[in-house]
Amino acid sequence: MKLAVVVLLALALFIAPLSAVSPDLIVVISIDQFPQRYLPRFQPWFSKGGFNRFLQNGAHYDNAFYPYANTYTCPGHATIGTGRLPSETGIVSNNWYEPSRQDSMYCVGDDRVQVTAGTSDPVSPMNLQGDSLGDRLLEKYPRSKVIGIAIKDRAAILMAGRKATAAYWLDKDLPAFISSTWYAGRHDLGPFNRIIPAFVAAHPAWTQSDAISPADLDRVTYDPPALREHKTNHAGMGVAFPHPIKDTDALTYTPYGNDLLLDLARYVIDTEKLGTEDGSPDLLFVGLSTQDYIGHAYGPDSLEVADAVVRLDGSLQSFFDQLSQRFGDRVTVALTSDHGVQSIPEVSEAMGKPGGRINFRNPGKSAKTIGELATERLATERRIATALNIELHDDDPIGNAIMKTFFEPSIYLNWKRINELELDRERVRNVVRDAVAQIDGVSAVYTDSQLLAPTAHPTEIERSVRNSFLVERSGDVIAELKPGYMWSWGTTTGTTHGEPLEDDQHVPVLFFGNGIRAGAYDARVSPADIATTLGSLVGVTAGEYGAKPLSAAEPE
């Protein structure tokens, strides 16, 4: 009897510290396309309770980098949700080619399910491999809820994981937030969706605020009128303030898209009763996709990005204030980004840095001949043909090309044609690699055979490429670019990301709330550490095998 009492007391002492620090609600925010450099650049104009809530009263890791090459939306959100790299999650890019389908695969594409409204393509987390933080939470706490919301379907779905209660994203055409039949716990968002038209109508234009003075704007932006032709005039919104907002799609290219999504976060917290004191912590993923649209269209050096970041800070302050008022010390918040961004190439050149566009786009369905290939792609095919000693003419059928399709950074080879010509497969790989390496702006090229073989001393780029590589989905040849260069689809506007470069890999990792020790931490970390760290607060193991939580969550 005495022994049983001692055991019970010991168990109580063991459990008590965990329950004392365990949050009832965890909120993970991913700001799509938000490089770390935005924080020091725009901090003088931040409010006390937005980003500064992390920077001054929370934990911030200023040396957080994605340790992989394919810095795109799908891999980033999969890593945030699972704590694993693309080589493990299987989400190697936004799209990849699947030979068995003879077609591309969207990272969350799934023909077995249906969307709950509208006519957009069916989606689910089917392609995601391995457990996520949300999966592990639900295994331990069956009454918990794990929900993902975002403007983009891929952000909501991949952060929330395979076992999520629900995921919701915006169908801009309806307009409404929808889900798919994958999610048994989804609810009708009709009451919220009915306010969207009025929300759009209440924001007829995005006008530049006066938060940053003209003199300071000149210092923290580079947006000369002569270069604005290289911004993207999306849906007639123009390339300078004010930007008219004619519909829901246009709204998502303005800071008001963030406000709409944060309103949905409030609605979901209320209607789903997230964060109740029932001993089962809930997990909400919030994907603020709007910043990515703005960054792609106008570039990170633009007046638009400066205005959007400061406005977002104010929106976050309001949201965080409400979380604190409602949950007190029962909430933990993490904030990061799925990737950074590079300058518009023409802007980069004007600032005295390298820059360029490489047109390697896939031929359209109507293309019939080799001569219809994009400029750099045609030149590369000719170099390949010369090296392989095969004839290639502009009027040859498009099916004679050695490179079949391209989903950056992966080149998938035309094995049907290669077999017809009875060419040595390994030689072809190496020839294509060497031909692609001659493109101006390419920094490194690898074959899948190289990446399948062990390397004693890989370079930093090679290590990053290997962390993005999965032989079943990655290309036969993989090409990475130099700083300032981007894959282009024939346009000369806007910018992008996706390379193993600091501009794309370096992102914020921030925390505040229950279980978090405030401070500035210098350790080099990754957004993959977020899942492990948050899992430790609620007693679940998430992320890479053997991964440890970040020091900000360690007991004092």
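1. Topic: the sheet that holds strand E13 (residues 403–407)
Taken together, the four strands give an open sheet; going across it, the order is E13-E14-E16-E15, and neighbouring strands pair in antiparallel fashion. Looking at the sheet topology across the chains shown, the edges are occupied by E13 and strand E15 (442–447). The average undirected angle you get between the axes of adjacent strands in this sheet is 20°. As paired elements, E15 and strand E16 (residues 477–481) share five bridges and run antiparallel to each other. In the sheet register, Ala444 faces E16, and the bridge partner there is Glu480. Of the strands in this sheet, E15 and E16 touch helix H20 (residues 460–467), which is tilted by about 50° from E15.

2. Some remarks on the sheet that holds strand E11 (residues 331–336)
Judged by pairing direction, the sheet is mixed, and its nine strands sit side by side in the order E7-E6-E5-E10-E1-E11-E18-E2-E19 without closing on themselves. At either end of the open sheet lies a strand with only one pairing partner, and these are strand E7 (176–178) and strand E19 (519–521). Ignoring which end each strand starts from, the neighbouring axes of this sheet average 15° apart. Pairing geometry for E11 and strand E18 (residues 509–513), over five bridges, is antiparallel. Within E18, the position partnered with Ala334 by the bridge is Phe511. Against the sheet, helix H7 (residues 153–160) contacts strand E1 (25–31), strand E5 (146–150), strand E6 (166–171) and strand E10 (282–288), and its axis sits at roughly 160° relative to E5. In the packing of helix H14 (residues 303–327) onto the sheet, the strands contacted are E1, E10, E11 and E18, and the crossing angle to E1 comes to about 175°.

3. Points about the packing of aromatic side chains
Under the defined criterion, the tally for this structure stands at 22 aromatic pairs. The interplanar angle of 50° and the centroid separation of 5.7 Å between the aromatic rings of Phe360 and Trp487 together place this pair among those described as tilted. One end of the pair, Phe360, is in the loop between strand E12 (356–359) and helix H16 (375–388); the other, Trp487, is in strand E17 (residues 485–488), and 127 residues separate them in sequence. Summarising the burial analysis for this pair, Phe360 and Trp487 share the class buried.

4. As for the confidence of the model for the protein chain
Mean pLDDT over the protein chain works out to 95, with 96% of the residues at or above the 70 mark. Summarising per-element confidence for the protein chain, the mean pLDDT is lowest in helix H1 (residues 2–21) (39) and highest in E1 (99). The low-confidence segment residues 1–19 (pLDDT under 50) makes five contacts with residues lying over four places distant or belonging to another chain.

5. Regarding the pairing of E18
Of all five residues in E18, four are buried; the element is thus mostly enclosed. Sheet topology places strand E2 (residues 59–61) next to E18; three bridges connect them, and they run antiparallel. Bridged to Tyr61 within E18 is Val509.

6. Examining the nonpolar core
Ranked by internal contacts, the top residues of the largest apolar core, which has 70 residues, are Ile29, Phe51, Phe177 and Val286. Setting aside chain neighbours within four positions, we find Phe177 in contact with Ala150, Ile151, Trp169, Leu170, Leu189, Phe192, Asn193, Ile196, Leu260, Leu261 and Leu264. Ile26, Val115, Leu128 and Leu133 belong to the second largest nonpolar core, which has 61 residues in total.

7. Some thoughts on the pairing of E5
Put simply, side chains in a regular strand alternate between the two faces of the sheet. Summarising burial for E5: five of the five residues are buried, a large majority. A two-sided burial pattern is seen for E5, the buried positions comprising Val146, Gly148 and Ala150 on one face and Ile147 and Ile149 on the other. Where E5 lies against E10, five bridges are found, and the strand directions are parallel. Its bridge partner being in E10, Ile149 is matched across the sheet by Val286. Pairing of E5 with E6 involves four bridges; the strand directions are parallel. Paired with Ile149 across the bridge in E6 is Tyr168.

What counts, and at which threshold
- Residues numbered from 1 in each chain as written.
- Predicted model: local features only at pLDDT ≥ 70, side-chain atom pairs only at ≥ 80, totals over all residues.
- Heavy atoms only, no water.
- Pairing = 2+ DSSP bridges.
- Helix = DSSP H or I, 4+ residues; strand = E, 2+ residues; numbered from the N terminus.
- Axes fitted to C-alpha atoms, helices over the stretch in contact; angles between N-to-C directions.
- Contact = heavy atoms within 4.5 Å.
- Phe/Tyr/Trp six-rings, centres within 6.5 Å; stacked < 30°, edge-to-face > 60°.
- Buried < 20%, exposed > 50% of the residue type's maximum accessible area, 1.4 Å probe, protein only.
- pLDDT = per-residue confidence, 0-100.
- Core = buried A, V, L, I, M, F, W, Y, C linked by side-chain atoms within 4.5 Å.

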